[in-house]
Each structure stands twice: as structure tokens, then as C-alpha cells.
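Structural features, examined
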Amino acid sequence: MSNRNKSNHDPKPYRSAAWFGKDDKDGFIHRSWMRNQGLPEDVFDGRPVIGICNTWSELTPCNAHFRTIAEYVKRGVWEAGGLPVEFPVTSTGESNMRPTAMLFRNLVSMDVEESIRANPIDGVVLLCGCDKTTPALIMGAASCDLPALVVSGGPMLNGKYRGRDIGSGTDVWRFSEDVKAGRMTLQEFRDAEACMSRSAGHCMVMGTASTMASMVEALGLGLPQNAAIPAVDSRRYALAHQAGRRIVELVREDVKISQILTRAAFENAIRVNGAIGGSTNAVIHLLAMAGRVGVDLSLDDWDRLGRGVPTLVDLMPSGRYLMEDLYYAGGLPAVMRVLGENGLLNKDALTVNGRTMWENVKDAPNWNSEVIRSFDNPIVPEGGIAVLRGNLAPDGAVLKPSAASPHLLRHRGRAVVFESIEHYKERIVDPDLDVDADCVLVLKNCGPKGYPGMAEVGNMGLPPKLLKAGVTDMVRISDARMSGTAYGTVVLHVAPEAAVCGPLALVRDGDMIELDVPGRRLHLDVPEDELARRRAQWKPPVVPGADGGYVKLYVEHVQQADRGADFDFLVGRRGTTVTRESH
Ligand code: FES
């Protein structure tokens, strides 16, 4: 190793020195080709090389401004004495990708992990925005276990339609039901499109993207205010600049992602999810992230830690406001301060700015107590995720009580069963469908293997004839996920799923189902011998597209929802060691 790696700032050689620090043929090759980008010789003096992992794509509109954000990160990296190198990974855009972006989360995580390991990267800034981009990038970086920091792209400005605020997704469901019920014309529906998405950024309700950006901040993996600064606010760019400076220091201090993503950090994130009324998708993503970094986190931790956590943030889909309002009210630090003052925060958890979580949030002001409520005046007293078990979900199912109708939280009803999403679409519009408001809609074969990818169809629309009659909610049960922008009394992530002959597969029209959210119970009221008879007759569904390619790999290796739907062979930390050199 040459003296290229012995500068005063950087006394020990970093990982990248194995590429750029040698005076032999390999060193020549690694440096020479990089210099075609106009890099002077002295940037290979042993300084930290910072990867900027970019999910920019014009097909992921939520992340379409990320090349600009990357430039601000680079400013900070240069300023702190690092060498920034931006690289692309597959981008998963929720609004366009079919059959569902979730099918590709694990694939992107592999892309991230292998891109980092294969290249001269000492630390990485992860640019995350649209739903799956956040967990995918964190999972990949966690498996490498190097210094890492997330910069989220920020939410869109509030949607504005006919004098009122409208929220991404949440109002689409409402508008669509209004059209079906004859309350909105198709032209009005079209007019609302441009009003909803009027700036760069991701969905600005507390959907999955905003939830995951909040999880990043709650985990200590992003700088304070990472979650809520609007994408187009100049302070978003200042945060990216600061992140660039800070990742260089994290490399110098050798603070790895596993030192941030501790059990204490995950516990903080679970409680914050309750306080913000966050998406049920966070359950799956955090379980998968914890699996990568080696933290033993389970579905039951979600239920236990979420109990007693009130929802403080009044954001759609549970409440009234939007992410822009949350930022102006004080952002996530103001929310976490309330949790800390009420014994619901692991205060000593380390964050990427080098301070503890409590040091970051203890003095955070709340400028609007309508948007961020006090502990004594919450939106919902119990904001956590309810984990249900019973003979219909032996390995668990989840429900978000804050998005559900209180009168349905204890309910017994007759099952109306849909064998697949296609069967649902065909049958739900049938005017002769034998269904009333007390029925329980059951959707099968939309889980990780059955769909495949576990589609966001769990909040299936109600039968049009009931909508027209003024019914606004019914109990719905499936092995699917639900968009974080959706609402209703919806039981999700039933495990094991129907496609592997979980009990959900055995439900038939007319069976009675009991939901007891306070008792955490989901029961199929059918005798065990009858279930055994049905099980013996069960035939696995034909899974479309699973006979080859990536989908085959996915179906063969994806785990159930209670394990975060990660691939079995991707769980754990594999580090950054490269077994062989290239030349
Ligand atoms: Fe990208 Fe909602 S579609 S965050």
C-alpha cells in the first residue's frame, strides 16, 4: 500500500484504498478510468469515498428530483474532504410498476448490496423516496454493514382542489367511490389529477413513503427533520448538503449502520409509527430491515410496544392535515419529544449526527397543537398496530385501529369470499351478490407468494350497491397489504397466506368469522374436522409468471409476511469483504 493512504486527516486506510491506494497495475486501472471524469490526482490520496445511491427515475415520479438532491450531497462530501461517487440502482415507483412495486423490493436490495460491495465505497448516502425505495436501500446497506445515512426526497406540497387540501392516494379512494356512487362526474375526477400532484416529492399524506421517511428519522438513520421538509423547500437541499458532510465524518469515526440500527432504535421506530398513525407497510419493512442487521424483532414486538402509544399527529389518512403542515408544526422532533417526555422513547439511541435521540429532540418546539397534539389530547388513544391471532391467522395478521371504524372493531359476520383479485373484480360489481353491510369480505391469494409480491389490494372497495346505499366501511380480511394512504376496518398480512394453504385458503361463502381487535383475535367459526376435510381437498393456485425468471426466484424464496417478506437467503449481514480482485 503506498503513502496515498497516509494523509493527516485519514490515518488508517479505508476500504477504497484496496482499489485506489496501490502503485501497481490495478491501482493504475482503478484511478485512470475514474480520472476520465475530470478528477485530479490528489482526490485519490486516501480520503473517504462516499457512494451516493440514487433511485432517480422519471418512471418513479416521487424520486424524479433526486439528481438535484445528489448534487447537494456532493457539495457536503467535497467540503468535508471526501470523494463523492453517485451510482444508480433500480428504482421502484409505486404509481407505475406492475404487478406491484413490492415484488421488486428484495431485488433492489440485492442491487444495492452488490453495488456497494463490488465497488470502492467507504460509506454511503441512500437517496430514498417512493415507498419501497426506502426499505430496499436500507436492507441492502445493512447487509453490507458500512457507514450509511439516509436522505429522503421529501413530500409533495399539499394538494389543492376547489379551495381545500387533498392528499395523495387518500382522496383518490374517496373520489373513486364518489364517482361510483354518482356524487362526482368523470370530468371533475380528471380535473382533480393535476391538483393532487403539484410539486416534486412523494405522497404527502402519512402513507408508506412518509411513514418510511419518518421511520428513517426515528431510527436515527437520517438527520433531524428528514421526514417532513417538503421536497421543494430549500431546507431539503440544505439537509442534503449537511448529510454529505456528515457521512464523511461517520466514515472517519467508523460508525457502521449496525451501530445505529439497534434494538433500541427499532423500538423507537415502532412507537413513532403509532404516534404518527403510520402505514401498516412499516411492519413488513422494519421486520425485514431488522433481519438484515441481525436484530431479533417480531410481530409481537409491534403489538406490545405500540400499546399505550397515542396517535398525536393529525394527518390523512387517519386525520386532517398533510406532511407540509407537519413540518411547519415542528416535524418529527416535536412528536418524539412528546414520546420522550412520557417514557416512550429510548433516549440514548445513537443517531447519525453523532448525538443521542434525546439530545436531538428534547428542546423541539411544537408550533401547532392541532397538527401535533399533546399526549393528553390525542387523535386516537391507542395508535399502535394491532396484531391479531387465531385459527384464521396462526402466524398473525395486522390491523390499524386508527384507520378502522370503532363500531366494527368487535364484529361477527358472514364471509363473502373472493378466490383471487380477478374473482373479486368480477364478482363485486354483480348486483345479485348476496352481501350486506354486516358481511365480512375475504380475499385470498394476494400474499407474498400468491400474488406474487403481496399487492396493496387489502382495502378492497365495497360492493357498489352498498356504497350507493351509504355504507362506508365493512370488515375486510386478506393476505394482501394495503396502501398506506388507505383506510377502513381492514385485516391484512394474514399468515400463513392462502397460497401455501394457510387457513385463509379454507374459508367459504357463508362461514361465520369473528373479529375482536381489543382481544387481538381472528376466528373462523368452522369445526376443525370440517377444516381438515377442506384442507385435504385444497389445490395450490396457479401463480402467474412464476415459471421462470425473477418471479420464480421470488416465489421460491420469499418468506411470509410475519418475517418481513424478505428472501430467506438475504437475511443477515454479509459485510463488505470482496473475495477476489478483478484484474
Ligand atoms: Fe410514490 Fe406514493 S406513489 S410515494
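Okay, so let's go over this structure. (Residues numbered from 1 in each chain as written. Predicted model: local features only at pLDDT ≥ 70, side-chain atom pairs only at ≥ 80, totals over all residues. Heavy atoms only, no water.)

What follows is about unusual backbone geometry. For the bond from Met316 to Pro317, the omega torsion is 10°, close enough to zero to count as cis. Tracing the chain through its elements places Pro317 in the loop between helix H13 (299-306) and helix H14 (323-329). In the segment running from Tyr451 into Pro452, the intervening peptide bond is cis, with an omega of -15°. Along the chain, Pro452 falls in the loop between strand E10 (440-443) and helix H18 (464-468). Even without glycine at this site, Asp145 takes up a positive phi of about 50°. Even without being a glycine, Asn445 presents a positive backbone phi close to 60°. Tracing the sequence through the fold places Asn445 in the loop between E10 and H18. Classification of Asn445 by relative accessible area gives buried; the value is 16%. (Helix = DSSP H or I, 4+ residues; strand = E, 2+ residues; numbered from the N terminus. Buried < 20%, exposed > 50% of the residue type's maximum accessible area, 1.4 Å probe, protein only.)

Centre-to-centre distance and the angle between the planes together describe a pair of aromatic rings. All chains considered together, the criterion is met by ten aromatic pairs. Judged by centre distance (6.0 Å) and plane angle (50°), the ring pair of Tyr327 and Tyr328 falls under tilted. On the numbers, 5.2 Å between centres and 85° between planes, the contact of Phe418 with Tyr424 is edge-to-face. With a relative accessible area of 0%, Phe418 lands in the buried category. Accessibility expressed as a relative area gives 10% for Tyr424, which makes it buried. Among the aromatic residues, ring-to-ring pairing joins Phe104, Tyr550, Tyr554, Phe567 and Phe569 into one connected group. The ring of Trp56 carries Arg67 above its face, with NZ or CZ at 4.1 Å from the centroid. Above the plane of the ring of Trp358 lies Lys347, whose end atom (NZ or CZ) is 4.3 Å from the centre. (Phe/Tyr/Trp six-rings, centres within 6.5 Å; stacked < 30°, edge-to-face > 60°. Lys NZ or Arg CZ within 6 Å of the ring centre and 35° of its normal.)

Moving on, we come to the environment of Lys12. Along the chain, Lys12 turns up in the segment before helix H1 (17-20). Separated by 516 residues in sequence, Lys12 and Glu528 have C-alpha atoms that sit 65 Å apart.

This part is about the pairing of strand E13 (residues 512-516). On a regular strand, one side chain projects to one face of the sheet and the next to the other, so that they alternate. Pairing of strand E9 (residues 410-418) with E13 involves five bridges; the strand directions are antiparallel. Looking at E13, one finds that Gly413 is bridged to Ile513. In this sheet, strand E14 (residues 521-524) lies alongside E13 in antiparallel orientation, the contact comprising four bridges. Residue pairing in the sheet places Asp516 in a bridge with Arg521 of E14. Between E13 and the antiparallel strand that follows it, E14, lie four residues; Arg520 among them carries a positive phi value of about 55°. (Pairing = 2+ DSSP bridges.)

Core analysis: the biggest nonpolar cluster contains 109 residues, and Val124, Leu221, Phe266, Leu286 and Trp302 have the highest contact counts within it. Core analysis: the next-biggest nonpolar cluster, separate from the first, contains 30 residues, Ala415, Val475, Ile477 and Leu504 among them. (Core = buried A, V, L, I, M, F, W, Y, C linked by side-chain atoms within 4.5 Å.)

By the secondary structure assignment, Arg292 is in helix H12 (residues 281-293). Residue Arg292 is classed as buried on the basis of its relative accessible area, which comes to 0%. Here the side chain of Arg292 touches Ser109 through a polar contact of 2.8 Å, side chain to side chain. If near-sequence neighbours (up to four positions away) are discounted, Arg292 is found in contact with Ser109, Glu113, Met139, Gly140, Ala142, Ser143, Asp566, Leu570, Val571, Gly572, Arg573 and Arg574. (Polar contact = N/O pair within 3.5 Å; in protein donor to acceptor, adjacent residues only side chain to side chain. Contact = heavy atoms within 4.5 Å.)

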